[in-house]
There are 4 protein chains.
Amino acid sequence: MAEHGSRRIRLGMVGGGSGAFIGAVHRIAARLDGDYELVAGALSANPDNAKSSAAALGIAPDRAYADYNEMARTEAARADGIEAVAIVTPNHMHVGPARAFLEAGIHVICDKPLSNTLESARELAAVKPRNGAKFLLTHNYTGYPLVRQARQMIAEGRLGTLRVVQVEYPQDWLTVEVHNKQADWRTDPKRSGAGGCIGDIGTHAYNLARFMTGLELEALSADLDSFVAGRQVDDNVHIMLRFKGGAKGMLWASQVAPGNENGPSIRIYGDKGGVEWMQIEPNKMWFCPFGEPRQLMTRGGAMPIGAKGADGAGIRIPAGHPEGYLEAFATLYAEFARVIRTGADNALLPGLADGIEGVQFIAAAITSSKNDSRWTRLGEV
Amino acid sequence: MAEHGSRRIRLGMVGGGSGAFIGAVHRIAARLDGDYELVAGALSANPDNAKSSAAALGIAPDRAYADYNEMARTEAARADGIEAVAIVTPNHMHVGPARAFLEAGIHVICDKPLSNTLESARELAAVKPRNGAKFLLTHNYTGYPLVRQARQMIAEGRLGTLRVVQVEYPQDWLTVEVHNKQADWRTDPKRSGAGGCIGDIGTHAYNLARFMTGLELEALSADLDSFVAGRQVDDNVHIMLRFKGGAKGMLWASQVAPGNENGPSIRIYGDKGGVEWMQIEPNKMWFCPFGEPRQLMTRGGAMPIGAKGADGAGIRIPAGHPEGYLEAFATLYAEFARVIRTGADNALLPGLADGIEGVQFIAAAITSSKNDSRWTRLGEV
Amino acid sequence: MAEHGSRRIRLGMVGGGSGAFIGAVHRIAARLDGDYELVAGALSANPDNAKSSAAALGIAPDRAYADYNEMARTEAARADGIEAVAIVTPNHMHVGPARAFLEAGIHVICDKPLSNTLESARELAAVKPRNGAKFLLTHNYTGYPLVRQARQMIAEGRLGTLRVVQVEYPQDWLTVEVHNKQADWRTDPKRSGAGGCIGDIGTHAYNLARFMTGLELEALSADLDSFVAGRQVDDNVHIMLRFKGGAKGMLWASQVAPGNENGPSIRIYGDKGGVEWMQIEPNKMWFCPFGEPRQLMTRGGAMPIGAKGADGAGIRIPAGHPEGYLEAFATLYAEFARVIRTGADNALLPGLADGIEGVQFIAAAITSSKNDSRWTRLGEV
Amino acid sequence: MAEHGSRRIRLGMVGGGSGAFIGAVHRIAARLDGDYELVAGALSANPDNAKSSAAALGIAPDRAYADYNEMARTEAARADGIEAVAIVTPNHMHVGPARAFLEAGIHVICDKPLSNTLESARELAAVKPRNGAKFLLTHNYTGYPLVRQARQMIAEGRLGTLRVVQVEYPQDWLTVEVHNKQADWRTDPKRSGAGGCIGDIGTHAYNLARFMTGLELEALSADLDSFVAGRQVDDNVHIMLRFKGGAKGMLWASQVAPGNENGPSIRIYGDKGGVEWMQIEPNKMWFCPFGEPRQLMTRGGAMPIGAKGADGAGIRIPAGHPEGYLEAFATLYAEFARVIRTGADNALLPGLADGIEGVQFIAAAITSSKNDSRWTRLGEV
């Protein structure tokens, strides 16, 4: 059913057994544009769950693994072995499988953040992938067409010199103490890393700002809190940002903001204009040329005078018909399929360097917050 | 990759060759939840296009047909023949294939409206499907979770006795004379039927009102226009509605309303409260209990006090992360897969009766408009 | 405190005693820009209420009248008599005072609709005002700056030839049976006239469409309902409109739409673009040039390329700081003050002709509804 | 025309001559509810402008002063002298007149910030007003009904223990170098004080947060910028806030954010719920009880279950009909009129202590920003 006229890429998955959230998202993303076929998995550290989950997904019993190292070895040796693997485990289980598959010459699609520690992230960066295996970090918000449209308009100078970035990601699901599979590992420093909210969604907000603006961070000043009694990691994040070249920013991420479900949003202003985008209405974006009325850009809709549509924007259906989170996610998968097939990299896709920077960002924020919000550089940590 | 632990249903497609819009939508919908595998097609009336389109979709050459009758015969005879077929041709080419596949014992998924003429629609209704083959009409807006939530809340009496329905579907793409594959057949009475806008999107608006409210039409009074010079079918539709039991409604559909991309929306009011929903923000719905503040319901989000979530609502990802048009469409496919596998009908899925009523609605509107907006019953036409 | 460098105009009021709503609105509107001084009143038909209400408003006891005829005679004879009078009584009490003051040479500011019967409205139209006394009908929505901006843009052809008008005015306060001073006279045919909702807010919607578009009505087809048991006048209004020249429209007014407080809104589309405005966010208006992104115009804000601000738009404070209903109302008062001072008419201000047309509109809608929604011209009734 | 049954309060004005913005706002606010009569003024430091501006406002020539000291002396000595004065000069000219009139026993209504220097603000605080003259600082956003509603709901514990405050005030009018009467004094440190954006609008944001939450500031960490070349004061403000008791906040104020006209907005979250309000739609407020759908509260509209309307909320017209900036401003004037008439203070009205704190806030932000965003207490400066 591949739309691109090619046979499907054979895909494996690590993590994503029954009860997981992000694994199901990755599978839909892999299917949506018809580029992948899931044929192997180490879906759970629990062998029984691994087996039953595989069966439920139509994976042949002999390709249902309980151990990712065994899976990497075995699949690399098969003539019909997987060509790519999706790693959808909790944070502390990203680096191990990523290393194993890259060293086995299998392309890696890895959920974010790259790791729960800066040290292990750096180890991964030192790995030499066999046969040029590629790496994709699923910072999925970068797949939204209007996010890319903004990135292009900024690169073309439509906003002029950037001055101010306001980015945020509020949620409310951890407003009170919660215990379930999703909450448990995210609030356990052993699995999520020293950061809680900062790692789970703060990194998304940071990556979104970096991706859209192209600005590099000079330093940050952070104030992290853990509002719920007994919580071991932060659940609310306030950060001031200084970018190289003089632009400034603020970043707010929270898991304790009642009324907010999953609300990443960003506003970027330069000396010629601004753009404003929020995920809860992802098919719209404000373009605010200074001195003119605001223009409401839509996914696939009419362009402002003189602007052009973003290259590679994953638009599947006409303007007005809403696309969403799954389509944005699928766009990363579809574009990575092209990378796999052609060997040509795609500058829009987040990779290892973004992953390292994300983990540095977490570390710098925690360091700054512990030091009374001292301005801290990424390179310091 | 099927999530339901079963092998995938073998699917064929009629129409949907290169350049088609709705065919690609059906294919994504079929893939999204992993229930179908496209293995055969009569993708174009043009044999060369049929062959190359099939190849591009990974369909084996011997299952790329130029004629749907041949396809129905041949596939019904194969041991591994298709179990279901998606019909995504222009309106005048729905009934022929639908009859052929139903009579061959193959389940049918058919785009709307059912037909370009009332006569042919009635013929189809008379067909006896072989082996209990099922029929799905893709009134895709009924797949939105909040549309179903509203339907359930209305059925449970949360709005009280219904009084007023305001439904609309404005677009702007035919504001001027346009010529392309999509526009050409939709403005050609031979292919689209006597109705233009009324058939293409007016039927969606009508079906949405019927699906959500459960109200039956008593009569309608219509005023149809064709604003663009030379256009042979209507491009703007004003209708007043009288429902059995006393509720009243207004329906506006337009292809000449600049600034509107694809904007179906509906507002329903009873003596205890109202609901308001619009496709451009499909993950939200207003619930307006009389005498209390408006409540913003979200897909998968918190429920109003005392309400419960709709059964069968196709929610794949957490509240806040937007789903859209493709997910709603995919929900119809996923639920029809369950019907195929279990043989048990699903009252939420639009079927032949809805298709007949849609064509009657078109005919009644045209009749009323020609008779100076005389109140006209569906049964009259 | 007059901002215009002139002494204030001496104002009287008929109606508006304690407990009235619209009387207080008129008084704020009269004060806001400093053009009027309230010095006399026949504030209530009840002499005690008239006297105490006058005292509460600082009106001298000898100018607190119980009878408007006496007030007109007495004030006209005083050297310091009122120059203008505001009539803020229920509908059936507009024509009597309006005639008395016009014949006494006193300018009249009259609430809408002009009258509860077409016959009395026509009698008023035949009155010869003494000394050129002027008449203002407070169709207050015409005072909103962006309503006027749209009017000008339409007049200048920015939307091209108009095709479609969607106008509505939903409320919910009469969803159930209600008894209070405001509800009682509005649902009593003797005081409000044969129309309920159609007269109270339907006329506002109609006037708004006429004012903004400049289109003249060819005929209407109406379906009026009275949903609440025992209610003697309509509470929900569905109307299809045909304008001279070929444009079409729909008008919905309702007092039984839960969740809607006071929601007049209008959408107007031509072959070059559209505008959309709603009172609940009166400082914004969508301008939708065909083939370009929507532009969000703001009161006092930046103009679309090539457009100019509306003349006479009553903008008091910078863009972003919201103005509202009272400011729009006050603009009518301020502009009428200029008419009084200079004697020069202002084409933007609604007058007697608008009042007559409004009462004709009510009559035509009722006639059409009684005749199974037959298309009815204003001139027929 | 006073609605309160009393004669009007005799009002004077310092500043507000022709070309001024805020003076005209104060005059409308004073007139709107009919409590004041403007009878004297020192409207400009330029004697000719003072005289002609007074004439244009209907002030008698002998009460048009060129010097505020003379005005204070003379008016205090007249039997019909002013009872209150509105001070609407640039920041550096607030303290002088305020002292003069308070010492003359005349009530003072003063625009914010209280002063351009902390020193002079403290001097004013030491003044002993004659005859118990009262002081009102026009932090006008506190007059919005829904701002007060939120304040009351927070005080009643409807949000639980407060945790997070996000407040902002973006504008765009100083995105480029601008020269006009409004811009000139605001960007001149001699007149505006050391703060630019922080003083002009940052103080409004801070006051709004303080007023609504009742939280007291522990310390702040600020990063101020002046983005436009040659500008001598800040035009963009990033601040992190720590409140006593543990709540945290972020404050953004900017004059260089294209597309933002006058956009103060605030979001407040506690462990039981949140509220969100923005000035551009001031008649709405989100109430977000944790675990339930968001509720849209409206000015004068239905209350959430169990909540009650705020006392003293200045609601003049029914829900749905929008009120705005001028009405909120007028509410402060109307309530101060009651204070003047009765001698009873009103805890909702901002006074001298708020003024001092505002100037301290400016000083602390500037100090923190100069010290690499060191956390700074108000008491330190």
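Every chain begins its residue count from 1, and numbering advances along the sequence as written. Just so you know, chain letters begin at A and ligand numbers begin at 1, following the order they were written in. Owing to the predicted nature of the model, reporting of local features is limited to residues with pLDDT of at least 70; listing and counting of side-chain atom pairs is limited to 80 or more, with chain, interface and lining totals taken over all residues.

## Notes on the overall build of chain A
Then, in step 1: Segments assigned H or I by DSSP are reported as helices when at least four residues long, segments assigned E as strands when at least two residues long, and all are numbered from the N terminus. Assigned secondary structure in chain A consists of 11 helices and 13 strands.
Then, in step 2: Atoms counted for the radius of gyration: C-alpha only. Globule rule: 2.2 Å times residue count to the power 0.38. For chain A, whose C-alpha radius of gyration is 21 Å, the value lies close to the compact-globule estimate of 21 Å for 381 residues.
Then, in step 3: Summarising its shape, the C-alpha atoms of chain A cover approximately 65 × 50 × 40 Å along the three principal directions.
Then, in step 4: Working definition of a contact: two residues with C-beta atoms, positioned from the backbone, lying within 7 Å. A separation of at least 24 residues holds for 70% of the contacts in chain A among residues at least 6 apart in sequence.

## Quick look at the relation of the copies chain C and chain B
Then, in step 1: What sets the superposition is a least-squares fit of C-alpha atoms, and only residues with pLDDT of at least 70 in both copies go into it. Between chain C and chain B, which share one sequence, the superposing operator has a rotation angle of 180° and an axial displacement of 0.0 Å; the RMSD is 0.0 Å. Accordingly, the operation relating the two chain copies is best matched by a two-fold axis.
Then, in step 2: Same-surface contact between copies: 100% of interface residues of chain C are shared with the interface of chain B.

## So, the sheet that holds strand S4 (residues 107–110) of chain B
Residues and elements named next belong to chain B.
Then, in step 1: Here a strand pair is declared whenever DSSP counts at least two bridges between the two strands. Read from one edge of the open sheet, five strands run S2-S1-S3-S4-S5, paired in parallel fashion. Because the sheet does not close on itself, it has two edges, and the strands there are strand S2 (36–42) and strand S5 (135–137). Direction aside, neighbouring strands of the sheet carry axes that sit 20° apart on average.
Then, in step 2: Pairing analysis gives three bridges linking S4 to S5, with the strands arranged parallel. Bridge pairing in S5 links Val108 to Phe135.
Then, in step 3: Sitting on the sheet, helix H3 (residues 68–77) touches strand S1 (9–14) and S2, and the angle it makes with S2 is about 130°.
Then, in step 4: Every axis in this analysis is a line fitted to C-alpha atoms, fitted for helices over the stretch in contact. Angles between the N-to-C directions lie between 0 and 180 degrees. Against the sheet, helix H4 (residues 95–103) touches S1, strand S3 (84–87), S4 and S5, its axis set at about 160° to S4.

## Let's talk about unusual backbone geometry
Apart from glycine, the bulk of residues carry a negative phi angle, and the bulk of peptide bonds sit in the trans form.
All names here are of chain A.
Then, in step 1: Pro113 follows Lys112 through a cis peptide bond whose omega is -10°.
Then, in step 2: Note on placement: Pro113 falls in the loop between strand S4 (107–110) and helix H5 (118–126).
Then, in step 3: Located in the positive-phi region is Asn131, a residue other than glycine, with phi close to 55°.
Then, in step 4: Tracing the sequence through the fold places Asn131 in the loop between H5 and strand S5 (135–137).

## What about the interface of chain C and chain B?
Then, in step 1: On the side of chain B, 31 residues touch chain C, which itself brings 31 residues to the contact.
Then, in step 2: Here the nonpolar group is Ala, Val, Leu, Ile, Met, Phe, Trp, Tyr, Cys and Pro; Asp, Glu, Lys and Arg are the charged ones; every other residue, Gly included, is treated as polar. For the side of chain C that touches chain B, the per-class residue count stands at 13 nonpolar, 10 polar and eight charged.

## Things to note about the interface of chain B and chain A
Then, in step 1: Contacts between the two partners involve 38 residues from chain B, matched on the other side by 38 residues from chain A.
Then, in step 2: Ranked by the residues each element gives to the side of chain B that touches chain A, the list is headed by helix H1 (residues 22–32) of chain B, at five residues.

## Some details on the sheet that holds S4 of chain A
Residue and element names in this part refer to chain A.
Then, in step 1: With parallel pairing, five strands are arranged side by side in an open sheet as S2-S1-S3-S4-S5. Either end of the sheet is taken by a strand with one partner, and the two such strands are strand S2 (36–42) and S5. Put simply, the sheet's adjacent strands are angled 20° from each other on average, direction ignored.

## Concerning helix H4 (residues 95–103) of chain D
Then, in step 1: Between the buried cut of 20 or more and the exposed cut of 12 or fewer other C-beta atoms within 10 Å of a residue's own C-beta lies the partly exposed class, and all C-beta atoms are placed from the backbone. For H4 of chain D, the complete set of buried residues consists of Val95, Pro97, Ala98, Ala100, Phe101 and Leu102 of chain D.
Then, in step 2: Downstream of H4 of chain D by a residue or two, Gly105 of chain D has a phi angle that is positive, lying close to 80°.

## Some remarks on the pairing of strand S7 (residues 217–225) of chain C
Residues and elements named next belong to chain C.
Then, in step 1: Among the nine residues of S7, seven are classified as buried, and the element is accordingly described as predominantly covered.
Then, in step 2: When S7 meets strand S8 (residues 236–243), the two strands line up antiparallel, connected through eight bridges. In the sheet register, Ala222 faces S8, and the bridge partner there is Ile239.

## Side note on the domain arrangement of chain A
Then, in step 1: As far as domains go, chain A holds domain 1 (9–133) and domain 2 (145–309 + 358–370).
Then, in step 2: Domain borders in the structure are assigned automatically or taken from a domain database. Between the C-alpha centres of domain 1 of chain A and domain 2 of chain A there is a distance of 28 Å.

## Notes on helix H3 (residues 68–77) of chain D
Residue and element names in this part refer to chain D.
Then, in step 1: For H3, the full list of buried residues reads Tyr68, Met71, Ala72 and Glu75. The buried residues of H3 occupy an angular sector of 100° when projected down its axis, which confines them to one face. Turned more than 90 degrees away from the buried face of H3 sit Glu70 and Ala77, all of them exposed.
Then, in step 2: On the buried face of H3, the contacting elements are strand S1 (9–14), strand S2 (36–42) and H4. Throughout, the arc means the angular range of directions from the helix axis out to the C-beta atoms.

## Observations regarding the environment of Asp80 of chain C
Residues and elements named next belong to chain C.
Then, in step 1: Secondary-structure assignment places Asp80 in the loop between helix H3 (68–77) and strand S3 (84–87).
Then, in step 2: You can call Asp80 exposed: it has 10 C-beta atoms within 10 Å.
Then, in step 3: The spacing of Asp80 and Asp67 is 13 residues in sequence and 19 Å in space, taken between C-alpha atoms.

## Concerning the pairing of strand S13 (residues 294–298) of chain A
Then, in step 1: Of all five residues in S13 of chain A, four are buried, a share of seventy percent or more.
Then, in step 2: Two elements, strand S12 (residues 284–289) of chain A and S13 of chain A, share four bridges in a ladder whose sense is antiparallel. Opposite Lys284 of chain A, over in S13 of chain A, you have Thr298 of chain A as the bridge partner.
Then, in step 3: Here S12 of chain A folds back onto S13 of chain A in antiparallel fashion, the turn holding four residues, of which Gly291 of chain A has a positive phi close to 85°.
Then, in step 4: Here S13 of chain A pairs with strand S13 (residues 294–298) of chain C via three bridges, running antiparallel. Directly across from Leu296 of chain A, in S13 of chain C, lies its bridge partner Arg294 of chain C.

## A closer look at the confidence of the model for chain A
Then, in step 1: Every residue is assigned a pLDDT by the predictor, reflecting its confidence on a scale from 0 to 100. Here chain A averages 94 in pLDDT, and 98% of its residues register 70 or above.
Then, in step 2: Across the predicted assembly, pTM comes out at 0.96 and ipTM at 0.95.

## Some details on the packing of helix H1 (residues 22–32) of chain A against helix H10 (residues 325–342) of chain A
Relative orientation and spacing of two packed helices are given, respectively, by the angle between their axes and the distance between those axes.
All names here are of chain A.
Then, in step 1: Interaxial distance between H1 and H10 falls to 8 Å at its minimum, and their mutual angle equals 65°. Between H1 and H10, the angle is such that the two are roughly perpendicular. When you trace H1 past H10, the crossing you get is right-handed. Counting all contacts with H1, which are made through Val25, Ile28, Ala29, Ala30 and Leu32, the residues of H10 involved are Leu326, Glu327, Phe329, Ala330 and Tyr333.
Then, in step 2: Of the residues that constitute the contact of H1 with H10, the class distribution is nine nonpolar, no polar and one charged. By definition in this entry, angles of less than 35 degrees are roughly parallel, angles greater than 145 are roughly antiparallel, angles of 65 to 115 are roughly perpendicular, and the rest are oblique. Handedness of a crossing is defined here by the sense of rotation of the near helix relative to the far one, left-handed for an anticlockwise turn of less than a right angle and right-handed for a clockwise turn.

## A few points about the environment of Gln295 of chain B
Then, in step 1: On the secondary structure map, Gln295 of chain B appears in strand S13 (residues 294–298).
Then, in step 2: C-beta crowding within 10 Å serves as the criterion here: with 24 such atoms nearby, Gln295 of chain B is assigned to the buried category.
Then, in step 3: Along the primary structure Gln295 of chain B and Val275 of chain B are separated by 20 residues, whereas in three dimensions their C-alpha atoms are 9.5 Å apart.
Then, in step 4: Once residues within four sequence positions are removed from consideration, Gln295 of chain B is found in contact with Phe287 and Pro304 of chain B together with Pro293, Arg294 and Gln295 of chain D.

## Here's the deal with the packing of H1 of chain A against H1 of chain B
Then, in step 1: It is at 8 Å that the axes of H1 of chain A and H1 of chain B come closest, and there the two elements cross at 145°. Seen along the crossing, H1 of chain A lies across H1 of chain B with a hand that is right-handed. Where H1 of chain A approaches H1 of chain B, its residues Ile28, Arg31 and Leu32 of chain A are matched on the opposing element by Ile28, Arg31 and Leu32 of chain B.
Then, in step 2: Its residues assigned to classes, the contact of H1 of chain A with H1 of chain B comprises four nonpolar, no polar and two charged.

## Quick look at the environment of Ile366 of chain A
All names here are of chain A.
Then, in step 1: Structurally, Ile366 can be placed in helix H11 (residues 352–370).
Then, in step 2: A count of 22 C-beta atoms within 10 Å places Ile366 in the buried class.
Then, in step 3: Put simply, Ile366 and Asn207 are 159 residues apart on the chain and 17 Å apart in space, counted from C-alpha to C-alpha.
Then, in step 4: Beyond its immediate chain neighbours, meaning those up to four positions away, Ile366 contacts Ala194, Gly195, Ile198 and Leu224.

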